[in-house]
Amino acid sequence: MIAGDRSRREHVTKSSRFLWNMFKKFQAGEAVSGVSQVKSSVQRAIKAKLVEQFPPIEDFMAEILPKKESLVVVKW
């Protein structure tokens, strides 16, 4: 493994942990006026676009956007 690859991987891992911790506790509260589930085709397109724009993130997509979890659009 090249040293630069390792540091990039560690950075992406730290970033994904930060994002996960930031959003995993989110609950629709009083400030939210509407919540709707994102279609699975849209969710797949979002994942594909993320990997296209940030190739190193591909190894961590299962942690960032798990297959069993659905995305929601929140309006407030």
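This write-up is about the structure you can find in this document. The model shown is predicted, which means the values in this text are computed figures rather than measured ones.

## Describing the overall build of the chain
- The number of helices and strands found in the chain is three helices and two strands.
- Each helix (α) and strand (β) of the chain, taken in turn from the N terminus, gives the series α-β-α-α-β.
- Scored against the burial criterion, the 76 residues of the chain give a buried share of 14%.
- Contacts in the chain between residues at least 24 apart in sequence constitute 71% of all its contacts with a sequence separation of at least 6.

## Section: the pattern of salt bridges
- Counting across every chain of the model gives one salt bridge.
- When the shortest N-O distance is used, the salt bridge between K49 and E52 registers 3.7 Å. Of this pair, K49 and E52 are both found in helix α2 (residues 40–53), three residues apart, which corresponds to roughly one turn of the helix.

## Thoughts on the environment of V42
- With respect to the helices, strands and loops of the structure, V42 is situated in helix α2.
- With relative accessibility at 40%, the residue V42 sits in the partly exposed group.

## Considerations on the environment of V51
- Inspection of the secondary structure assignment puts V51 in helix α2.
- The exposure class assigned to V51 is partly exposed, which follows from its relative accessible area of 21%.
- Measuring from C-alpha to C-alpha, the distance between V51 and M61 comes to 8.2 Å, with ten residues separating the pair along the chain.
- When near neighbours in sequence (up to four residues on either side) are disregarded, V51 contacts I57, E58 and M61.

Basis of the calculations
- Residues numbered from 1 in each chain as written.
- Predicted model: local features only at pLDDT ≥ 70, side-chain atom pairs only at ≥ 80, totals over all residues.
- Heavy atoms only, no water.
- Helix = DSSP H or I, 4+ residues; strand = E, 2+ residues; numbered from the N terminus.
- Buried < 20%, exposed > 50% of the residue type's maximum accessible area, 1.4 Å probe, protein only.
- Contact = heavy atoms within 4.5 Å.
- Salt bridge = Lys/Arg side-chain N within 4 Å of Asp/Glu carboxyl O.

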